[in-house]
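# A closer look at the structure
The residues making up each chain are set out below.
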Amino acid sequence: MKTLKKTWPFHVMLLPAMIFLIIFSYIPMGGIVMAFQDYKPWLGISGSEWVGLDNFRYLFEREDSVQVIWNTLFIAVLKLIFNLVVPFVFAILLNEIRKTALQRGIQTLVYLPHFLSWVILGGILIDLLATGGLVNRVLGVFGLGPYFFLGDNDWFRFTVIVSDIWKEFGYSTIIFLAALAGIDPSQYEAAEIDGATRLKQTLHITVPSLIPILMVVGTLALGNVLNAGFDQIFNLYNPLVYEKGDIIDTFVYRTAILNGEMGFGTAIGLFKSVISMILILISYRLAYKWAGYRIF
């Protein structure tokens, strides 16, 4: 009670956020029961037929389900890796620029794409990457192409991953720049007195100082490893690239939502959530073991 008397303003401050979380995150979890039903909207949860694990069996018995899961993992894992490595390296390089105005100008330019929706970027990329688009025209000058970036299965994966990195790496760099700002300057001064070059200072001071935040970001991102980016792929893909470009979310949209199979869609969502929870627990344990990071 003595502690509560001192901290009650903080609890009151958290109350609106907690109410919002309960209403929009915890109460809707009751709808998970739909994953075990042949859910019909006009019958509701109480009136829909109970089918047990049939929706989950249907997911794994479909011929294309394994390919869809593999597509999701392949695209999501590569996005996860490169969206950690590219901002990490770029932040270090950007930190080496001594002119503050130039540094801020470059930073602003690279994180602007983050604020554009995939609806807008999708339209732009479709025009740029068309067989008669600007990219293929430039490649044609060098005797290359034309390449069907958004109509060829292998090129589509490459295009999705590269365009996602281009859109997000600038904004992700902010986290690493903030970590760089927290490094004690006396470490660099001591290293310089000892004769360490800029490269050695980077390898022995900057990189080790950024490893903990890299582990934290990677741990948080691993929970979304089955979210390969619905907005992006939905705005870029077409029937020609379903084989290697279709992910779980777009698969659910085409086969479940459009056909009114709400129970099947909920089952896939529950499957994704369970896998994500397991991955978060594993990554949290690894982050604690390797980087000493822990929340509690």
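Residues numbered from 1 in each chain as written. Predicted model: local features only at pLDDT ≥ 70, side-chain atom pairs only at ≥ 80, totals over all residues. Heavy atoms only, no water.

Per an unreviewed UniProt entry, the chain is named ABC transporter permease subunit, and its organism is Saccharibacillus sacchari.

### Observations regarding the overall build of the chain
How we decide: Going along the chain from the N terminus, every DSSP run of H or I of four or more residues is numbered as a helix, and every run of E of two or more is numbered as a strand. Relative accessible area decides the class of each residue, using a 1.4 Å probe on protein chains only: under 20% of the type maximum gives buried, over 50% gives exposed, and in between gives partly exposed. By definition in these notes, contact holds between two residues if any of their heavy atoms fall within 4.5 Å. Computed by Shrake-Rupley with a 1.4 Å probe, the accessible areas treat only the displayed protein chains as cover when residues are assessed. Positive charges come from Lys and Arg alone, negative charges from Asp and Glu alone, with His and the N- and C-terminal ends not counted. For this purpose, a charge sits on NZ of Lys, CZ of Arg, CG of Asp or CD of Glu.
Looking only at helices and strands, the chain has 14 helices and 2 strands in total. Expressed as a percentage of the 296 residues in the chain, the buried residues total 34%. Sequence separation of 24 or more characterises 64% of the internal contacts of the chain that already satisfy a separation of 6 or more. Of the accessible surface of the chain, which amounts to about 18000 Å², a share of 69% is contributed by carbon and sulfur atoms. Side-chain charges of the chain comprise 21 positive and 21 negative groups, with the mean position of each set lying 11 Å from the other.

### Notes on the nonpolar core
Taken as a class, soluble globular proteins show a tendency for nonpolar side chains to be buried jointly. Note the following rule: What we call a nonpolar core is a set of buried Ala, Val, Leu, Ile, Met, Phe, Trp, Tyr and Cys residues that are connected through their side-chain atoms within 4.5 Å.
Membership of the largest hydrophobic core comes to 18 residues, with the highest contact counts inside it found for Ile 75, Phe 156 and Ile 233. Ranked by residues supplied to this core, first place goes to helix H6 (residues 118–128) with 3 residues. In contact with Phe 156, other than residues within four places in its own chain, are Phe 149, Leu 150, Ile 233, Leu 236, Tyr 237, Val 241 and Gly 245. Membership of the second largest hydrophobic core comes to 17 residues, among which are Phe 88, Ala 91, Ile 161 and Ile 165.

### Side note on the packing of helix H5 (residues 100–111) against helix H8 (residues 153–181)
As a reminder of what qualifies: A fitted line through C-alpha atoms represents every axis, and for helices the fit uses only the stretch in contact; the resulting angles, taken between N-to-C directions, go from 0 to 180 degrees. Any angle between 65 and 115 degrees counts as roughly perpendicular, while under 35 counts as roughly parallel, over 145 as roughly antiparallel, and the rest as oblique. Side-chain classes are defined by residue name, with Ala, Val, Leu, Ile, Met, Phe, Trp, Tyr, Cys and Pro counting as nonpolar, Asp, Glu, Lys and Arg as charged, and the others, Gly among them, as polar.
Their axes nearest at 7 Å, the elements H5 and H8 cross at an angle of 135°. In this view, H5 runs oblique relative to H8, as classed from their interaxial angle. Within the contact between the two elements, H5 uses Gln 107, Val 110 and Tyr 111 and H8 uses Trp 166, Phe 169, Gly 170, Tyr 171, Ile 174 and Leu 177. Here the residues of the contact of H5 with H8 sort into 7 nonpolar, 2 polar and no charged.

### Quick look at the environment of Leu 286
Topologically, Leu 286 is positioned in helix H14 (residues 262–291). Along the backbone, Leu 286 and Asn 238 are 48 residues apart, and their C-alpha atoms lie at a distance of 39 Å.

### Considering the pattern of salt bridges
Under the convention used in this document: What counts as a salt bridge is simple: a side-chain nitrogen of Lys or Arg found within 4 Å of a carboxyl oxygen of Asp or Glu.
Taken as a whole and judged by the stated rule, the model has 8 salt bridges. Glu 96 is paired through a salt bridge with Arg 98; the nearest N and O atoms lie 3.9 Å apart. Judged by its relative accessible area of 27%, Glu 96 falls in the partly exposed class. A relative accessible area of 59% places Arg 98 in the exposed class. In this structure, Arg 198 engages Glu 96 in a salt bridge whose closest nitrogen and oxygen atoms are separated by 2.9 Å. Linking Arg 198 in helix H10 (residues 198–222) with Glu 96 in the loop between helix H4 (65–95) and H5, this pair joins segments that are 102 residues apart in sequence.

### So, the environment of Ser 283
Tracing the backbone shows Ser 283 in helix H14. Residues Ser 283 and Leu 220, 63 residues apart in the sequence, show an inter-C-alpha distance of 8.4 Å. Among residues more than four places away in sequence, those in contact with Ser 283 are Thr 219 and Leu 222.

### Side note on helix H3 (residues 54–61)
Here is the rule we go by: Within this analysis, the arc is defined by the directions that extend from the helix axis to the C-beta atoms.
Residues Asn 55, Phe 56 and Leu 59 constitute the buried set of H3. In a view along the axis of H3, the buried residues occupy a sector of 100°, so they form one face of it.

### A word on H10
Heads up, the condition is: Note that bend, as reported per residue, equals the angle between axes fitted to the 7 residues terminating at that residue and the 7 residues originating from it.
Approximately 35° is the largest bend angle found in H10, and it occurs at Val 207, with the proline Pro 208 only one to four residues beyond. Taken together, the buried positions of H10 are Gln 201, Thr 202, Ile 205, Thr 206, Leu 210, Val 216, Val 217, Gly 218 and Thr 219.

### As for the packing of aromatic side chains
As a reminder of what qualifies: Planes of paired rings set the category: under 30 degrees apart is stacked, over 60 is edge-to-face and the rest tilted, where pairs are Phe, Tyr or Trp rings (Trp by its six-membered ring) whose centres lie within 6.5 Å.
Per the stated rule, a full pass over the model turns up 20 aromatic pairs. Ring geometry for Phe 90 against Phe 169: centres 5.2 Å apart, planes inclined by 90°, an arrangement best described as edge-to-face. Taken as a pair, Phe 90 in helix H4 and Phe 169 in helix H8 lie far apart in primary sequence, 79 residues in all. Judged by relative accessible area, Phe 90 falls into the buried class, the value being 18%. What makes Phe 169 buried here is its relative accessible area of 13%. Arranged with centres 5.8 Å apart and planes meeting at 90°, the rings of Phe 115 and Tyr 171 form a pair that is edge-to-face. Linking Phe 115 in the loop between H5 and H6 with Tyr 171 in helix H8, this pair joins segments that are 56 residues apart in sequence.

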